[in-house]
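Coordinates in review
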Amino acid sequence: KGNQWGYGKEDGPSIWHKNFPVAEGDRQSPIDIIPKEAPRDPNLGPIVLNYDQCTSLNITNNGHSVVVEFDDTDDRSVIQGGPLGNPYRLKQFHFHWGGKGCHGSEHTVEGMSYASELHLVHWNAVKYKSFGQAAEAPDGLAVLGIFLDTGDDHRWLHMITDALYMVKFKASVTDFKGFNPKCLLPSSLHYWTYLGSLTTPPLHESVIWIVLKEPIIVSEKQLGKFRTLLFSGEEEDQRMRMENNFRPPQPLKGREVRSSN
Ligand SMILES: N/C(=N\S(N)(=O)=O)N1CCCC1
Ligand SMILES: [Zn+2]
């Protein structure tokens, strides 16, 4: 079927363009960020995260990543400010990571990749009626990207890694209430921003990217738990470890990357 895609040799990023021709478009993500080519824009204010009333619902393995979904039926958790013209509602967050000892972030900084990357996906509920409709609009989504580097244990990430055994297989889901992703933010909210796309099919060019400059630190042990997840479903006899679920950087095609102050 057209919507079968993955990260392997046969179904990975280099052949997504066959079913999703926008893969070769002019505002694809991720990109390699070159800080000295990303000028500070004094008009870029700080990003503001209002997550205090946020309501996480569940955690799920969708066969591509592990996703924590939120109740987005009202404006209880939004991102605003920075390059955004209005508040964007938090819908879900998920991760991308590498294999043992190799890095798996999607965005890179001067060719350097981090161990992993967290994406908090938000949609423009002011202008669009649904996430699906927003996901097809040029200003429909805002994704906050946070790099994960390795070092000491992250004091709150265990709340996620301790739940991963419940969603080992594709299409598994379990309750995951009361988690506020504010605990996964670094101390600084300085960022780079540019216009891009979803980094997985359907690769819609609908994302205002906000990538934080400061990584959070997690331990190899915590990262290793993500690699106990499987791409495959419980009924499949081939067990495919979920790792290296990242798309490599795409051509900038003349886009400008701006930096917050
Ligand atoms: N590719 C995606 N997010 S990402 N990796 O571009 O942040 N998504 C696909 C549907 C919902 C989010
Ligand atoms: Zn992502």
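Coordinates for the structure precede this section.
Residues numbered from 1 in each chain as written. Chains lettered and ligands numbered in written order. Predicted model: local features only at pLDDT ≥ 70, side-chain atom pairs only at ≥ 80, totals over all residues. Heavy atoms only, no water.

Quick look at the overall build of the chain now. When helices and strands are tallied, the chain shows four helices and 14 strands. Relative to the globule expectation of 18 Å for 261 residues, the C-alpha radius of gyration of the chain, 17 Å, shows essentially globular dimensions. In terms of overall dimensions, the chain has a C-alpha envelope of 55 × 40 × 40 Å along the principal axes. The proportion of buried residues among the 261 residues of the chain is 52%. About 12,000 Å² of surface is accessible on the chain, with carbon and sulfur atoms providing 51% of the total. (Helix = DSSP H or I, 4+ residues; strand = E, 2+ residues; numbered from the N terminus. Rg over C-alpha atoms; globule rule 2.2 N^0.38 Å. Buried < 20%, exposed > 50% of the residue type's maximum accessible area, 1.4 Å probe, protein only. Areas by Shrake-Rupley, 256 points an atom, 1.4 Å probe, with all protein chains shown as cover.)

Under the counting rule described, the total for this entry stands at 11 aromatic pairs. Plain terms: the ring middles of Phe70 and Phe93 are 5.9 Å apart, the flat faces sit at 45 degrees to each other, and that makes the pair tilted. With a gap of 23 residues between them, Phe70 in strand 4 (residues 66-70) and Phe93 in strand 6 (residues 88-97) connect regions that are remote in the sequence. When its relative accessible area of 3% is taken as the criterion, Phe70 is described as buried. Residue Phe93 is classed as buried on the basis of its relative accessible area, which comes to 0%. Seen from their ring centres, Trp97 and Phe226 are 5.1 Å apart, and the 50 degrees between their planes marks the pair as tilted. Highlighted residues: Trp97 in strand 6 and Phe226 in helix 4 (residues 220-226), separated in sequence by 129 residues. Clustering of aromatic rings is evident, with ring pairs tying together Phe70, Phe93, Phe95, Trp97, Phe176, Phe179 and Phe226. (Phe/Tyr/Trp six-rings, centres within 6.5 Å; stacked < 30°, edge-to-face > 60°.)

Moving on, we get to the pattern of salt bridges. A side chain of one charge can pair with a side chain of the opposite charge when the charged atoms of the two come close. Scanning the model with the defined rule gives 13 salt bridges in all. A salt bridge links Asp41 to Arg258; its shortest N-O distance comes to 2.8 Å. Of this pair, Asp41 sits in the loop between strand 1 (32-33) and strand 2 (47-50) while Arg258 sits in strand 14 (residues 258-259); the two residues are 217 residues apart in sequence, bridging distant segments of the chain. A relative accessible area of 14% means that Asp41 is categorised as buried. When the shortest N-O distance is used, the salt bridge between Glu220 and Arg227 registers 3.5 Å. A relative accessible area of 42% means that Glu220 is categorised as partly exposed. Given a relative accessible area of 11%, Arg227 falls into the buried group. One connected set of salt bridges, linked through shared partners, spans Asp71, Asp74 and Arg76. (Salt bridge = Lys/Arg side-chain N within 4 Å of Asp/Glu carboxyl O.)

Glancing now at the site of ligand 1. The environment of ligand 1 is formed by Gln92, His94, His96, His119, Val121, Phe131, Val143, Leu198, Thr199, Thr200 and Trp209. Contacts to ligand 1 include Thr199, whose side-chain N or O atom sits 2.8 Å from a nitrogen atom. Protein coverage of the free-state accessible area of ligand 1, which is 330 Å², stands at 85%. Elements with a minimum of two residues in the shell around ligand 1: strand 6 and strand 8 (116-123). Per element, the largest residue contribution to the shell around ligand 1 is three residues, and it comes from strand 6. Here the shell around ligand 1 is composed, by residue class, of five nonpolar, six polar and no charged. (Near = heavy atom within 4 Å. Polar contact = N/O pair within 3.5 Å; in protein donor to acceptor, adjacent residues only side chain to side chain. Nonpolar A, V, L, I, M, F, W, Y, C, P; charged D, E, K, R; others polar.)

A few words now on the coordination of the zinc ion (ligand 2). Around the zinc ion (ligand 2), the protein contributes the donor atoms His94 (NE2), His96 (NE2) and His119 (ND1), which lie 2.0 Å from the metal centre. Mapping the donors of the zinc ion (ligand 2) onto the primary sequence yields the spacing H-x1-H-x22-H. What makes His94 buried here is its relative accessible area of 11%. Among the residues examined, His96 registers a relative accessible area of 2% and is labelled buried. (Donors = N, O, S within 2.8 Å, 3.2 Å for Na, K, Ca; no water.)

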